[in-house]
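Read off the chains here:
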Amino acid sequence: MLQDDKLANQLGLKIEADKNLPDLILADVGSDQTLIVFVEVVATDGAMHQRRKEAVLALTDAAGFPREHVALVTAYEDREGAGFRKTVSHLAWGTFAWFASEPDHLVVLRDGSENSATLRALL
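What comes next concerns the included structure. Model, not experiment: these values are computed from the prediction.

1. Some points on the pattern of salt bridges
Tallied over the entire structure, the rule returns 3 salt bridges. A salt bridge links Glu40 to Arg52; its shortest N-O distance comes to 3.5 Å. Taken together, the residues span a long stretch of sequence, with Glu40 in strand E2 (residues 35–41) and Arg52 in helix H2 (residues 50–62) at a distance of 12 residues. Between Asp61 and Arg67 there is a salt bridge; the shortest N-O distance is 2.6 Å. Arg67 gets classed as partly exposed once you look at its relative accessible area, which sits at 47%.

Pasting the structure below:
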């Protein structure tokens, strides 16, 4: 946990545990343009809905990260499960959905103006 806090501080992320924080925060720091990926696992608190999206983006905006370097992902077991069926209508536009049963695929919830740079970074 100490290393996680140290990396978050180095990235400028002021993380405080609350109900809007997702389960996982991943950082690809191996290039000039750091990519931060926030992952919410539906088996725990639910999907990456609009309120959670806004809270996470406020956190990354405050740290000075361009939004195209931030990805918001909801992880599911599979598309047939109750978790997906229950939450799919609440997924925020501009986020992604990933399924453990289909690990090589990514669903993009694109509203026409977001995701292009983030999508290229993820793929």
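2. Regarding the sheet that holds strand E4 (residues 95–99)
Sheet architecture is open: 5 strands sit in the order E1-E2-E3-E4-E5, paired in mixed fashion. A single partner strand is all that each edge strand has here, and the edge strands are strand E1 (24–28) and strand E5 (106–109). On average, each strand axis in the sheet is inclined to that of its neighbour by 25 degrees, with strand direction left out of account. Sheet topology places E1 next to E2; 5 bridges connect them, and they run antiparallel. The residue of E2 that forms the bridge with Leu24 is Val39. Against the sheet, H2 makes contact with E2, strand E3 (70–76) and E4, and its axis sits at roughly 145 degrees relative to E3, the strand it touches most.

3. A look at the packing of aromatic side chains
According to the stated counting rule, one finds 3 aromatic pairs in the structure shown. With a centroid separation of 5.1 Å and 85 degrees between ring planes, the pair formed by Tyr76 and Phe84 is classed as edge-to-face. Taking the relative accessible area as the measure of exposure, Tyr76 reaches 4% and is therefore buried. Relative to Phe99, the ring of Tyr76 lies with its centre 5.5 Å away and its plane at 20 degrees, an arrangement referred to as stacked. Residue Tyr76 is located in strand E3, and its partner Phe99 is located in strand E4; the two are separated by 23 residues in the primary sequence.

4. A closer look at the pairing of E4
Burial of E4 is extensive: 4 of the 5 residues sit out of reach of the surface. Pairing between E3 and E4: 4 bridges, direction parallel. Looking across to E4, one finds that Ala75 is bridged to Trp98. For the crossover that starts at E3, traverses helix H3 (residues 82–87) and ends in the parallel E4, the hand is right-handed. Note that E4 and E5 share 4 bridges and pair antiparallel. For Thr95, the partnering residue across the bridge sits in E5 and is Leu109. Hairpin geometry of E4 and E5 is characterised by an intervening segment of 6 residues between the two adjacent antiparallel strands.

What counts, and where the lines are drawn
- Numbers given for residues are sequential positions, taken from 1 along each chain in its written order.
- Per-residue local features are limited, in this predicted model, to residues with pLDDT of at least 70; the limit for side-chain atom pairs, both in listing and counting, is 80 or more; totals at the level of whole chains, interfaces and linings are taken over all residues.
- Water and hydrogen atoms were dropped before computing side-chain values, which therefore reflect all heavy atoms in the structure.
- Counted as salt bridges are all cases of a side-chain nitrogen of Lys or Arg within 4 Å of a carboxyl oxygen of Asp or Glu.
- Put simply, DSSP marks the helices as runs of H or I at least four residues long and the strands as runs of E at least two long, and each gets a number from the N terminus on.
- Categorising residues by exposure relies on relative accessible area from a 1.4 Å probe, with only protein chains included: less than 20% of the type maximum marks a residue as buried, more than 50% marks it as exposed, and the intermediate range marks it as partly exposed.
- Two strands are counted as paired when DSSP detects at least two bridges linking them.
- Every angle, taken between N-to-C directions, lies between 0 and 180 degrees, and every axis is a line fitted to C-alpha atoms, over only the stretch in contact when it is a helix.
- It only takes one pair of heavy atoms within 4.5 Å for two residues to be counted as in contact.
- Only Phe, Tyr and Trp rings take part, Trp by its six-membered ring, and two of them pair if their centres are within 6.5 Å. Stacked means planes under 30 degrees apart, edge-to-face means over 60, and tilted covers everything else.
- By convention, a crossover is right-handed whenever its connection, traced from the first strand over the helix to the second and viewed with the strands pointing away, goes clockwise.

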